[in-house]
Amino acid sequence: DFHRIRFTFKGTSAVSNALIFSQKIFTIEDLYVGYQFGQIFYEKERWGWLRRLWKSQQKKKEEPEDDTSPDDDNLILDKRLIHDILPQQGGGQEPIGG
């Protein structure tokens, strides 16, 4: 048993190249056994159909994107999914109470 568990994240800012830190403290009520976080990063190409639809509705003409961009530029972070959890493979998940 534990009362609190602390996660500390460390990274580098893409804007200023400075070190950045964050921490999150969880309690036993925040813990769900048998679940994993959902995917929050997607490639831009997966959403290409949505952009094409938007462009056709707006009737805008833009130059095609350069395919030689680095891999990091082709990723999208969907912050709406940051707290989504999915059952882990193999079953045995504890029920999620309301």
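Residues numbered from 1 in each chain as written. Predicted model: local features only at pLDDT ≥ 70, side-chain atom pairs only at ≥ 80, totals over all residues. Heavy atoms only, no water.

Novice: What is the right way to look at the packing of aromatic side chains in this model?
Specialist: Geometry of an aromatic ring pair is reported as the spacing of the ring centres plus the angle between the planes. Applying the stated criterion across every chain, the model contains one aromatic pair. Summarising the aromatic geometry, the rings of F7 and F26 are spaced 5.5 Å apart at their centres and angled 80 degrees between planes, so their arrangement reads as edge-to-face. Of this pair, F7 sits in strand β1 (residues 4-12) while F26 sits in strand β2 (residues 19-27), placing them 19 residues apart in sequence. F26 sits in the partly exposed class, given a relative accessible area of 24%. (Phe/Tyr/Trp six-rings, centres within 6.5 Å; stacked < 30°, edge-to-face > 60°. Helix = DSSP H or I, 4+ residues; strand = E, 2+ residues; numbered from the N terminus. Buried < 20%, exposed > 50% of the residue type's maximum accessible area, 1.4 Å probe, protein only.)

Novice: What's the story with unusual backbone geometry in this structure? I'm lost.
Specialist: Excluding glycine, residues mostly have negative phi values, and the peptide bonds linking residues are mostly trans. In this structure, N17 is a non-glycine residue whose phi angle is positive, near 65 degrees. Its place among the elements puts N17 in the loop between β1 and β2.

Novice: I'm lost on the environment of H83 in this one. Help?
Specialist: The residue H83 is located in the loop between β5 (75-77) and β6 (85-87) in this model. A relative accessible area of 68% means that H83 is categorised as exposed. Expressed as a C-alpha distance, the spacing of H83 and F37, which sit 46 residues apart in the sequence, is 7.2 Å.

Novice: Got a minute to help me understand the side chain of D78 in this structure?
Specialist: Structurally, D78 is set in the loop between β5 and β6. A polar side-chain atom of D78 sits 2.9 Å from a polar atom in the side chain of R80. For D78, the residues in contact, after removing those within four places along its chain, are I40 and Y42. (Polar contact = N/O pair within 3.5 Å; in protein donor to acceptor, adjacent residues only side chain to side chain. Contact = heavy atoms within 4.5 Å.)

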